[in-house]
Amino acid sequence: MPCFARARAFALALSLMMSAAPSASAQNGPPPHVRELVDSVVAMLDSDGDEAIESFIDEAIAASAVDDRAALAERLKAMRAATDGLRGELSVEGEPNGVRLILAGDGREEQIRVTFGPEGISDLVRIDAGRD
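Everything numeric in this text was worked out from a predicted model, so none of it was measured.

So, the overall build of the chain
Phase 1 of the analysis: Helix and strand content of the chain: 5 helices and 4 strands.
Phase 2 of the analysis: When the helices and strands of the chain are placed in sequence order, the string is α-α-α-α-α-β-β-β-β.
Phase 3 of the analysis: The burial tally for the chain puts 30% of its 132 residues in the buried class.
Phase 4 of the analysis: Restricting to contacts in the chain with at least 6 residues of sequence separation, those with at least 24 account for 41%.

A word on the sheet that holds strand 2 (residues 98-105)
Through backbone hydrogen bonds, the strands of a sheet pair up, either in parallel or in antiparallel fashion.
Phase 1 of the analysis: Here 4 strands make up an open sheet; going across it, the order is 1-2-3-4 and the pairing antiparallel. Bordering the open sheet on either side are strand 1 (89-95) and strand 4 (120-127), each of which pairs with just one other strand. With direction set aside, neighbouring strand axes in the sheet form an average angle of 20 degrees.
Phase 2 of the analysis: As defined by bridge partners, strand 3 (residues 108-117) adjoins strand 4 across 7 bridges and the pair is classed as antiparallel. Following the sheet pairing, Gln111 is matched in strand 4 by Ile127.

Topic: the packing of helix 3 (residues 32-46) against helix 4 (residues 50-60)
Phase 1 of the analysis: One can describe the packing of helix 3 onto helix 4 by two numbers: an axis separation of 10 Å at closest approach and a directional angle of 165 degrees. Taken together, the axis directions place helix 3 and helix 4 in an arrangement best described as roughly antiparallel. As for how helix 3 packs across helix 4, the hand of that crossing is left-handed. Within the contact between the two elements, helix 3 uses Ser40, Val41 and Met44 and helix 4 uses Ile53, Phe56 and Ala60.
Phase 2 of the analysis: Broken down by class, the residue content of the contact of helix 3 with helix 4 amounts to 5 nonpolar, 1 polar and no charged.

Quick notes on the side chain of Glu110
Phase 1 of the analysis: Residue position: Glu110 is located in strand 3.
Phase 2 of the analysis: Judged by relative accessible area, Glu110 falls into the buried class, the value being 14%.
Phase 3 of the analysis: Side-chain polar atoms of Glu110 contact the side chain of Arg126, separated by 2.9 Å.
Phase 4 of the analysis: Apart from residues lying up to four places away in sequence, Glu110 is in contact with Ala82, Thr83, Leu86, Leu101, Ile102, Leu103 and Arg126.

Cut-offs applied
Residues numbered from 1 in each chain as written. Predicted model: local features only at pLDDT ≥ 70, side-chain atom pairs only at ≥ 80, totals over all residues. Heavy atoms only, no water. Helix = DSSP H or I, 4+ residues; strand = E, 2+ residues; numbered from the N terminus. Buried < 20%, exposed > 50% of the residue type's maximum accessible area, 1.4 Å probe, protein only. Contact = heavy atoms within 4.5 Å. Pairing = 2+ DSSP bridges. Axes fitted to C-alpha atoms, helices over the stretch in contact; angles between N-to-C directions. Parallel < 35°, antiparallel > 145°, perpendicular 65-115°, else oblique. Left-handed = near helix turned anticlockwise from the far one by under 90°. Nonpolar A, V, L, I, M, F, W, Y, C, P; charged D, E, K, R; others polar. Polar contact = N/O pair within 3.5 Å; in protein donor to acceptor, adjacent residues only side chain to side chain.

Here it is, written out as structure tokens:
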């Protein structure tokens, strides 16, 4: 096989392998700090009682994001209640400055946008599945 033909065949094979192979980041998943934040949100959603909510605020929420602690705690309790029983399927999608958690089960779905920065979680918002 002439040299240019081998080079062309190699380039074609490499191109096919690269397009078929998943990216390294997809294989390894999100960075560890993102996994920890997602795990902390899921643990809070799976928790019971006010103490778990207060602990979550202390450990995961950025101090600068806590203007009204009581209102935040109530919002988190409502979020926890809305997602109760939705552990059949959990998906995590990347978003600018955070992730979107999609929790599904029993024919329904809830989505939570989690925004975070270097200090921790700056916001958690329940969103409608049809809007961004």
